[in-house]
Amino acid sequence: MALLIGPSSVGKSLLLKRLTTDEKDKELVATVPSIGTSLVKVQVSRKKSVTIRELGGSMAPVWPDYYSDVAAIIFVVDASNLQQVGAATIQFIHLLNSPQTQSSKILLLFNKLDLVTSEADKGKFMHLFMLDDILRHSRQEVSVAEVSALNRTGFAAMKEWLELCA
Ligand SMILES: Nc1nc2c(ncn2[C@@H]2O[C@H](COP(=O)(O)OP(=O)(O)OP(=O)(O)O)[C@@H](O)[C@H]2O)c(=O)[nH]1
Ligand SMILES: [Mg+2]
C-alpha cells in the first residue's frame, strides 16, 4: 500500500485516474477536491498491482495518522504553481521529519510539467522548493520524478518506482 498526498489541486486525483484508465485517454477529465480517503488499485506491470490511498490537501492535518500503515509515500507538488511552493516545502519537510516515516520509501512527484514552459522556470521552482537542501539532509530514500497527469509524461519512471512497492 502506498499513500498519495500533497497540497490541494496539485493533481493527485487526476494522476490516479490516469493510472487506472486507458493510455489513449488524454482529455483533461474533471476532478473534485478529495474529502475523506479513497483506495485505488493500480496495475503497475503485467503481474503486479499496488493499492494507493489518496488523502486530499484539505486533510493535511490528519495525513500523519496514515503514515505508519504504509511502506511508501508519494508526495505530489504542482511544479507550475509558485504561489504554493513555500507551503509545499514546509509540508514535505514535515513529512520527512515525522517519526513514522523514517524508514518509508518516498517519491517526490513534480506534476503539471506541461504547464512549465521553460527550463529556467523549472529551475526557479526547484530552487524555491529547496530541493537540493532537502535531499541532502533527508534520512529517507527519496526518489524524484517529473510528470504530467495531463499528457502522461514521466509515467514510465513513476510506474517503475511503484512496482518496487508492489
Ligand atoms: N495542466 C495540467 N492540469 C492538471 C494536471 N494534473 C491535474 N491537473 C488539474 O488540476 C486540477 C486539480 O486536480 P486534482 O487531481 O483534483 O488535484 P488533487 O491534488 O487531487 O486535489 P485535492 O484532492 O483537493 O487535494 C484539476 O482541474 C486537474 O484537471 C497536469 O499534469 N497538468
Ligand atoms: Mg484529489
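Conventions used here
Think of each chain on its own: its residues are numbered from 1, step by step along the sequence as written. To label them, take the chains in the order written and letter them from A, then take the ligands in the order written and number them from 1. Local features in a predicted model are, by the rule used here, given only for residues with pLDDT of at least 70; side-chain atom pairs are given and counted only at 80 or more, and totals for whole chains, interfaces and linings are based on all residues. Where side-chain values are given, they derive from all heavy atoms of the structure, hydrogens and water being excluded. For the purposes of this entry, the term helix denotes a DSSP run of H or I that reaches at least four residues, the term strand denotes a run of E that reaches at least two, and both are numbered from the N terminus. A contact between two residues is defined here by any heavy atoms of the two lying within 4.5 Å. Shrake-Rupley sampling with a 1.4 Å probe provides the accessible areas, and residues are treated as covered by the protein chains on show and by no other component. Charge assignment in this entry is limited to Lys and Arg as positive and Asp and Glu as negative, and neither His nor the chain termini are counted. Where a charge sits is defined by one atom per residue type, namely NZ (Lys), CZ (Arg), CG (Asp) or CD (Glu). Nearness here has a simple test: a residue counts as near a molecule or strand if at least one of its heavy atoms is within 4 Å of that partner. Between N or O atoms, a polar contact is any pair within 3.5 Å; within protein, one atom must be a potential hydrogen donor and the other a potential acceptor, and residues adjacent in sequence are included only when both atoms are from side chains. Put simply, the grid is 1 Å and covers the protein atoms alone, a cavity is a trapped set of points that fit a 1.4 Å probe, a pocket is an open set with protein on both sides within 12 Å along at least five of seven lines, and lining residues have an atom within 4 Å of a point. Think of it this way: if more than half of a molecule's atoms are within 2 Å of a pocket's grid points, that molecule is in the pocket or cavity. Nonpolar residues are Ala, Val, Leu, Ile, Met, Phe, Trp, Tyr, Cys and Pro. Charged residues are Asp, Glu, Lys and Arg, and all others, Gly as well, are polar. Pairing of aromatic side chains here covers Phe, Tyr and the six-membered ring of Trp, requires ring centres within 6.5 Å, and sorts the geometry by plane angle: under 30 degrees stacked, over 60 edge-to-face, intermediate tilted. Burial here depends on accessible area, computed with a 1.4 Å probe over protein chains only, as a share of the maximum for the residue type. Under 20% is buried, over 50% is exposed, and the range in between is partly exposed. UniProt positions are given in the numbering used here, feature names are shortened, and annotations may be inferred rather than shown by experiment. Grid points are joined across faces, edges and corners, and a volume is the space filled by probe spheres set on the points.

## Overview of the overall build of the chain
- If you tally the helices and strands in the chain, you get six helices and six strands.
- Counting helices and strands in the order they occur from the N terminus, the chain gives β-α-β-β-α-β-α-β-α-α-β-α.
- For the C-alpha atoms alone, the extent of the chain along its principal axes is close to 35 × 35 × 30 Å.
- Excluding contacts between residues fewer than 6 apart, the proportion of contacts in the chain whose partners are at least 24 apart in sequence is 71%.
- As displayed, the chain offers around 8,700 Å² of accessible surface, 54% of which is attributable to carbon and sulfur atoms.
- Taking the average place of the 18 positive charges on the side chains of the chain and the average place of its 17 negative ones, the gap between the two points comes to 5 Å.

## Digging into the site of ligand 1
- The local shell around ligand 1 holds 23 residues, among which Lys12, Thr31, Ser34, Gly57 and Asp114 are the closest.
- The separation between an oxygen atom of ligand 1 and a polar main-chain atom of Ser9 is 2.9 Å.
- For ligand 1, the accessible surface in isolation is 660 Å², of which the surrounding protein chains cover 87%.
- Structurally, ligand 1 is housed in the largest pocket.
- Of the residues in the shell around ligand 1, the class split is nine nonpolar, 10 polar and four charged.

## Topic: the packing of aromatic side chains
- In total, this model carries six aromatic pairs according to the counting rule given.
- With centroids separated by 6.1 Å and ring planes inclined at 85 degrees, the aromatic side chains of Trp63 and Phe75 adopt a geometry described as edge-to-face. On the criterion of sequence distance, the pair formed by Trp63 in the loop between β3 (49–55) and α2 (64–67) and Phe75 in strand β4 (residues 72–78) is long-range, its members being 12 residues apart. Phe75 carries the same exposure label as Trp63, and that label is buried.
- When the centroid spacing of 6.3 Å and the interplanar angle of 10 degrees are considered together, the rings of Phe125 and Phe129 count as stacked. Of this pair, Phe125 and Phe129 both sit in helix α4 (residues 119–129), separated by four residues, roughly a single helical turn. Both residues of the pair, Phe125 and Phe129, count as buried.

## Re the side chain of Ser13
- For Ser13, the position within the fold is in helix α1 (residues 12–20).
- Leave out the neighbours within four places in its chain, and Ser13 touches Thr31, Val32, Ser34 and Glu54.

## A short note on the UniProt feature "binding site: Mg(2+)" (unreviewed entry) in the chain
- UniProt records the feature "binding site: Mg(2+)" (unreviewed entry) for Ser13 and Ser34 in the present numbering. Spanning 22 residues, the annotated positions come together in the fold, the maximum distance between their C-alpha atoms being 7.5 Å. Checking the named residues against the largest pocket, the ones that line it are Ser13 and Ser34.
- Tracing the backbone through its elements, the reader meets Ser34 in the loop between α1 and β2 (37–43).
- If we ignore the near neighbours within four places in the chain, the residues touching Ser34 are Ser13, Glu54, Gly56 and Ser58.

## Notes on the layout of surface pockets
- A volume near 430 Å³ is recorded for the largest pocket.
- Contributing to the lining of the largest pocket are 24 residues, with Ser9, Val10, Gly11, Thr31 and Lys112 lying nearest its centre.
- Per-element accounting of the lining of the largest pocket gives the leading share, three residues, to α1.
- Within the lining of the largest pocket, the residues separate by chemical class into nine nonpolar, 11 polar and four charged.

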